[in-house]
Amino acid sequence: MRWLRDPLLIVEGLTMRFGGLIAVRDLSFSVGRGDITSLIGPNGAGKTTVFNCITGFYKPTSGLIVLSTDGPIEPSAVAALTDSSHRYVTRENHSRSGLFLLERMPDFEIAKRARVARTFQNIRLFSGMTVLENLIVAQHNPLMHASGWSLLGLFGADSYKAAQAAAVDVARYWLDRIGLLHRADDAAGALPYGDQRRLEIARAMCTDPVLLCLDEPAAGLNPRESLALNELLRTIRDEHATSILLIEHDMSVVMEISDHVIVLEYGVKISDGTPQSVKADPKVIAAYLGVEDDEVAEAEAEVGL
């Protein structure tokens, strides 16, 4: 159970209010380093809100979101960063420690410095760009740095040319991994739906994340495409030392590839453990069947479970 022994991400007491609506209430969980962790639950459970808090799109009402890129999360180091006298944690402190308080960082810093990447429920490719260009643009930060913020690029400096060649190599590597190298020069919008899903994941991986957040990556995929997705996610975990946190409604995907599953209902965690233990949890069964806990056995019999 790496999420207990060696967490990459710790979420403690996360609450997100929208006026009088509490979308997430006092949520705590961890993501193990090197794990595939699934965040599941019925529609409206608060899963995407949790993602938006982790990736900086929302600033949580309260709670702590800690990520460590370098090693174990030491309580003393977290305590030093959360000192109430230092409400703003400086970039230098983050850089030195490899420890990041995500709830205090803007979204672009979370992506760049804490190395958290994400995809969305709806595909957000640059449809008019080529497949290759979509992966190169994901490497904007290192390319801009190598270009001296444009000047060296305009003059064709050798350092910029080297960085540009490296970006193309990374892009071509990921196109090969997802089986789209032969379509590198095609418009991304011309790809079939399943290929676009994989391309979006590859684009996120071009940022070299330590944590990859995927929002319903199997949505709309047929069984063959779901199997290809499973293999891709295993490759990312096993060969690239990237931890994965995903929201998914396809239980065949969740139970097949997850190391750790967290279940939400109405913004509250109702189960947390291995896929096997979660699958057998009466509270989870009740949430998905829409019945009270004491009616689970009767509902299971009615639907043939």
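Starting afresh in each chain, residues are numbered from 1 along the sequence in its written order. Totals for whole chains, interfaces and linings use every residue, but because this is a predicted model, local features are given only for residues with pLDDT of at least 70 and side-chain atom pairs only at 80 or more, for both listing and counting. Think of the side-chain values as coming from all heavy atoms in the structure, minus any hydrogens and water.

A. Representation of the overall build of the chain within the structure. Counting from the N terminus, the helices are DSSP H or I runs at least four residues long and the strands are E runs at least two residues long. Across its full length, the chain holds 15 helices and 10 strands. Within the chain, the fraction of its 305 residues that count as buried is 49%. When contacts within the chain are restricted to residue pairs at least 6 apart in sequence, those whose partners lie at least 24 apart make up 68%. About 14,700 Å² of surface is accessible on the chain, with carbon and sulfur atoms providing 53% of the total. Each residue is assigned to one of three classes by its accessible area relative to the maximum for its type, calculated with a 1.4 Å probe on protein chains only: buried under 20%, partly exposed between the two thresholds, exposed over 50%. We call two residues in contact when some of their heavy atoms are within 4.5 Å. In short, Shrake-Rupley with a 1.4 Å probe defines the accessible areas, and a residue's cover is counted only from the protein chains shown.

B. Spatial organisation of the pairing of strand β10 (residues 268-273). Two strands form a pair only when DSSP identifies at least two bridges running between them. In this sheet, β10 lies alongside strand β9 (residues 260-265) in antiparallel orientation, the contact comprising five bridges. Residue pairing for β10: E265 is matched across the bridge by V268. Linking β9 back to β10 in an antiparallel pair, the connection comprises two residues, with Y266 at a positive phi of about 50°.

C. Inspection of the sheet that holds β9 at higher detail. If you walk across this open sheet you meet the six strands as β6-β7-β8-β3-β9-β10, and the pairing is mixed. Every other strand in the sheet has two partners, leaving β6 (116-118) and β10 as the edge strands with one partner each. For this sheet the average axis-to-axis angle between neighbouring strands, irrespective of direction, equals 15°. Where helix α11 (residues 223-240) meets the sheet, it contacts β3 (36-40), β7 (211-215) and β8 (243-247), and its direction lies at approximately 150° from that of β8. In this analysis, axes come from line fits to C-alpha atoms, helices being fitted only over the stretch in contact, and the angle between any two N-to-C directions falls in the range 0 to 180 degrees.

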